[in-house]
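Architecture at a glance
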Amino acid sequence: MSSDRPGEEHAPGPLWSEPGTLLEHVAVAVLGIDDHDRICYWGPGAQRLFGYAAADVLSRPAAALFPAAPQDGTSAAERLAERGRTLGYWRVRMPALHRDGTVFDCGFRVFPVTGEHGRSVIVGLASRGDELDRVKTNLAFLDALFETCPIGLVMLDKDLRYVHLNQALADMDGIPIQDHIGRPMTDIMITSDGGEYRRLLRAVADEGRPVVSALVGLRTPGHPDRDQVRSVSFFPLSQAGDTRPGLGGLLVDVTDREQAIVEATAARQRLALLDRASARIGTTLDVNVTARELVDAAVPDFSDASVVEVVEWADEREVFDPAAPLITRRIASGTSLPPPATELVSGLARITYPPGSTIHEMIRTGGPVCVPVNDEFMTRTVIHQARARLLLESGLTSLLLAPLIARGTVQGIAMFGRSAARPIFTEQDLSLAGELASRAALCLDNARLYSRVQDIALTLQRALLPTALTAGPCVRIAHRYLPGSHISEVGGDWYDAIELPNGRVALVVGDVVGHGVPAAAAMGRLRITAKALARQNLEPNAVLKELDVCAQEAGIELATCLYIRYDPATGEARIANAGHPPPLVRQPDGTVEIIDEVLGVPLGVGGFPFRTTEIELQESATLALYTDGLVEAGGDISEGIEALRSQLARAAGGLEATAEDILANMLPSAPTDDTVIVLAQVGRSSPHPAGASPSDG
């Protein structure tokens, strides 16, 4: 820095320290004193501090800058220079004299500087005492703030890594100060907000937008079992010299203050989850679907993984024996964790739990339990080493096990698992899991009972339906019966082919309105009655009349029936219909006709007569009899009949192949109603023996 010279122009402002520090606004005057205690250097800051221009003081005694010394004392300038030479560095506060005659307190730092020719100069740095006091006060305040402030204070670099922090924040984190330095803040403050906290810090660093009193829920490695809520404020730090920019932050632990809010929020979340689960679980009477609904309700809102298993009892009356192995079948699973968690929950269908397992203890007590994933749990509960290794590698750290018990019967178990990224299960979570399991168990039991009734109805229906149809040498028959899917009840569809005297054949198809065991039982009664009536060789309308009486006596409110009697000697087919979909006839030339002129009222209504109509069937013509499940799958029955008509017209194979094609093309993969189709290809025979009449009864 060159000395001021008379007439030189100078930019305004003092000699600054590095910008951005606490000294930024403290003016520093630089001056030099030679061996004769005269001023030999005068910086621009000195002119502003003392009021003298360089031309007024250069080469003059430095004593002009200080009040007059006592007559017998050493001047302040001499003492300043002498101490600088002998001590090498001296710092002092003393009065100084401004050009206007005012005296002010001034702080000096003096030290000798030797030039290239061996000349020694005392360099003095001077600042107003009140400004130095302000800086010292600020520094003392900051030191005290970092040492004693109960609020967490932190400085981060632009990469959000710790640069400096106070002990209060280290205590909050449960980690020493030195273990913070250089680590990303998100390594210490672990949140489960999908990265929102890091994005908040990034916005402060990149865009300079301060954040004030934002609430952040977190855990730290130093307190892994304790949830914390902190109020955080962050602001950008101004760049100082060549140092990197960063963030300053204040963090206050408000966990206690927010605990009531946290608990209320958690309670609301649990109630909302239970409400959603109540609406979602048990929408069908299907065991597997119900189990799947429970898993979907739990993952990911309540847990990171969930499985549902049903107990495989050897006998329904079997009582749980804690001393015997427990065998279950996994029917639903799900996880939001990456592999190998997926393989863990879905890779095993049948599980054996040894006596003394945690599962046994849970079923014995009848309530949900929470267990950590540790060596004790593995030893007691997990038999296969490979499965134990998968569990350890899955990331799950705690499990909540809940029994599925309904009407005093253990249906199975539900398991919920959480990783370290979530809080461990609480007592409230146990209660919630118990509610979920209780609802699911009742739905599973309803589904189980319903499945049992379905099995009974289906068994009864199959027992009452013919396993094979025989119709004599002149009629070839292909038939199919397809029960509705497992989500619908067994219906009352029935069919039969009955050999009659003189080579005649009766073909019958019917449908009792309703489902389940009552419909199957009613169907069986009508089928047996129809068979007995047919063998009396009654006219078709007379058969339906007697069936109508039988239906009324049996309390069958509504049933449909189509009755056809075919005589191969004449080719005549006599038809009566009680509210059933009309039969179709495929002629040998491929044309298909619908016989719908004899539609009558259903059985069980009573009071209405039935009519018989007669048609002549060509040799090799094919009759198609069916129930409404075949033609109502698409919704509109008339469109369904037309579709069946088209299928018959296109048929190119034999009867069996045609029946298969019709079912495949007209029914969905999971039909909701029972379906019957009977295809009868007719032939001709020799005339009846003398004296016999086609109408003989």
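Because the structure is predicted, anything quoted here is derived from the model rather than measured. (Residues numbered from 1 in each chain as written. Predicted model: local features only at pLDDT ≥ 70, side-chain atom pairs only at ≥ 80, totals over all residues. Heavy atoms only, no water.)

Let's talk about the sheet that holds strand 12 (residues 326–335)
A sheet is described by the order of its strands in space; here six strands give the open sequence 13-12-11-16-15-14, paired in antiparallel fashion. With one partner strand each, in any of the chains shown, strand 13 (350–353) and strand 14 (369–372) form the two edges of the open sheet. Adjacent strand axes in the sheet meet at a mean angle of 30 degrees, parallel and antiparallel pairs treated alike. Here strand 14 runs beside strand 15 (residues 396–406); their pairing, made up of four bridges, is antiparallel. Of the residues in strand 15, the one forming a bridge with Val371 is Leu399. (Pairing = 2+ DSSP bridges. Helix = DSSP H or I, 4+ residues; strand = E, 2+ residues; numbered from the N terminus. Axes fitted to C-alpha atoms, helices over the stretch in contact; angles between N-to-C directions.)

Considering the side chain of Asp548
Tracing the sequence through the fold places Asp548 in helix 16 (residues 540–554). Despite its burial, Asp548 pairs with no opposite charge; the closest candidate is Lys545, at 9.0 Å N-O. The contacts of Asp548, once residues within four sequence positions are left out, are Pro602, Leu603, Gly604, Val605, Gly606, Gly607 and Phe610. (Buried < 20%, exposed > 50% of the residue type's maximum accessible area, 1.4 Å probe, protein only. Lys, Arg positive; Asp, Glu negative; His and termini not counted. Salt bridge = Lys/Arg side-chain N within 4 Å of Asp/Glu carboxyl O. Contact = heavy atoms within 4.5 Å.)

Thoughts on the pattern of salt bridges
Following the criterion strictly, the structure yields 29 salt bridges and no others. Here Asp173 ties to Arg230 by a salt bridge, and the two come within 2.6 Å at their closest N and O atoms. Placement of Asp173 in helix 5 (residues 167–173) and of Arg230 in strand 9 (residues 223–237) is noted, with a sequence separation of 57 residues between them. Considered together, Asp173 and Arg230 belong to a single accessibility category, that of buried residues. A salt bridge links Glu614 to Arg574; the shortest N-O distance between them is 2.5 Å. Taken together, the residues Glu614 in strand 25 (residues 613–616) and Arg574 in strand 21 (residues 572–578) connect sequence positions 40 residues apart. Look at Arg574 and you get partly exposed, because its relative accessible area is 22%.

Section: the sheet that holds strand 17 (residues 475–482)
Judged by pairing direction, the sheet is antiparallel, and its five strands sit side by side in the order 17-27-26-22-23 without closing on themselves. With partners counted over all chains shown, the strands left at the sheet margins are strand 17 and strand 23 (592–594), one partner each. Across this sheet, the average inter-strand angle for adjacent strands is 15 degrees, counted without regard to direction. This element, helix 19 (residues 655–666), spans strand 17, strand 26 (622–626) and strand 27 (675–682) of the sheet and lies at about 25 degrees to strand 17.

Here we look at the nonpolar core
Across soluble globular proteins, nonpolar side chains have a tendency to be buried as a group. Counting 30 residues, the largest nonpolar core has Ile281, Leu294, Phe302, Val308, Leu400, Leu404 and Phe416 as its most contacted members. Of all elements in the fold, only helix 8 (255–280), helix 9 (287–298), strand 11 (305–311), strand 12, strand 15, strand 16 (409–419) and helix 14 (427–464) reach the threshold of two or more residues within this core. Tallying contributions element by element places helix 14 first for this core, with nine residues. Dropping the residues within four chain positions of it, Leu400 is found in contact with Phe302, Pro368, Val369, Cys370, Ala414, Met415, Phe416, Phe425, Asp429, Leu430 and Ala433. Within the second largest apolar cluster, 29 residues are counted, among which are Ala62, Leu65, Ala77 and Met94. (Core = buried A, V, L, I, M, F, W, Y, C linked by side-chain atoms within 4.5 Å.)

Quick word on a nonpolar patch on the surface
On the surface, Ile151, Phe235, Leu250 and Val252 cluster together into a nonpolar patch covering about 270 Å² of accessible area. Tracing the sequence through the fold places Leu250 in strand 10 (residues 246–253). Given a relative accessible area of 34%, Leu250 falls into the partly exposed group. (Patch = residues over 30% accessible without salt bridge, like charges linked within 9 Å, V, L, I, M, F, W, Y side chains within 5 Å. Areas by Shrake-Rupley, 256 points an atom, 1.4 Å probe, with all protein chains shown as cover.)

Side note on helix 16
The end-to-end C-alpha distance of helix 16 is 21 Å, a good match for the 21 Å that 15 residues give at a rise of 1.5 Å each. Considered for burial, the residues of helix 16 that qualify are Pro540, Val543, Leu544, Leu547, Asp548, Cys550 and Ala551. Burial along helix 16 is one-sided: seen end-on, the buried residues are contained in an arc of 165 degrees. Across from the buried face of helix 16, at angles greater than 90 degrees, the exposed residues are Lys545 and Glu553. Looking one or two residues beyond helix 16, the residue adopting positive phi is Gly555, at roughly 75 degrees. (Expected span 1.5 Å × (residues − 1). Arc of directions from axis to C-beta.)

Regarding the packing of aromatic side chains
The geometry of an aromatic ring pair comes down to the distance between the two centres and the angle between the two planes. For the structure shown, the criterion picks out five aromatic pairs. Residues Phe50 and Phe104 carry aromatic rings whose centres are separated by 6.0 Å and whose planes lie at 50 degrees to one another, so their mutual orientation is tilted. With Phe50 in helix 1 (residues 44–50) and Phe104 in strand 4 (residues 103–114), this residue pair connects regions lying 54 residues apart in the sequence. Phe50 sits in the buried class, given a relative accessible area of 0%. (Phe/Tyr/Trp six-rings, centres within 6.5 Å; stacked < 30°, edge-to-face > 60°.)

Details of unusual backbone geometry
A cis amide bond, omega 5 degrees, links Val299 with the succeeding residue Pro300. Along the chain, the position of Pro300 falls in the loop between helix 9 and strand 11. Going from Pro339 to Pro340, the amide bond is cis rather than trans, its omega being 10 degrees. Residue Asn502 is not a glycine yet carries a positive backbone phi of 60 degrees. With respect to the helices and strands, Asn502 occurs in the loop between strand 18 (491–499) and strand 19 (505–515). Take Asn502: its relative accessible area is 35%, and that puts it in the partly exposed class. For Asn537, which is not glycine, the phi dihedral falls at a positive 60 degrees. Along the chain, Asn537 turns up in the loop between helix 15 (516–534) and helix 16.

Some details on the pairing of strand 7 (residues 162–165)
Where strand 6 (residues 152–157) meets strand 7, three bridges bridge the pair, whose relative direction is antiparallel. Bridging across to strand 7, Leu156 finds its partner in Tyr162. The turn joining strand 6 and strand 7, which pair antiparallel and follow one another in sequence, is formed by four residues; a positive phi near 65 degrees is taken by Leu160.

Looking at the pairing of strand 21
Of all seven residues in strand 21, five are buried; the element is thus mostly enclosed. The pairing of strand 20 (residues 559–567) with strand 21 spans seven bridges and is classified as antiparallel. When the bridges of strand 21 are listed, Arg565 appears paired with Arg574. Once strand 20 ends, the chain turns through four residues before running back antiparallel as strand 21, passing Gly571 with a positive phi of about 80 degrees. The sheet contact formed by strand 21 and strand 25 spans four bridges and is antiparallel. Bridge pairing in strand 25 links Glu572 to Glu616. Here two bridges tie strand 21 to strand 24 (residues 599–600), and the two strands are oriented parallel to one another. Counterpart to Ala578 in the pairing with strand 24 is Gly600.

Considerations on the confidence of the model for the chain
Residues of the chain with pLDDT of at least 70 account for 88%, and the chain-wide mean is 84. Scored below 50 in pLDDT, residues 1–23 shows 44 contacts in the model against residues more than four places distant or in partner chains. Low pLDDT, under 50, characterises residues 693–697; the stretch is placed with 14 contacts to residues that sit more than four places away or in other chains. (pLDDT = per-residue confidence, 0-100.)

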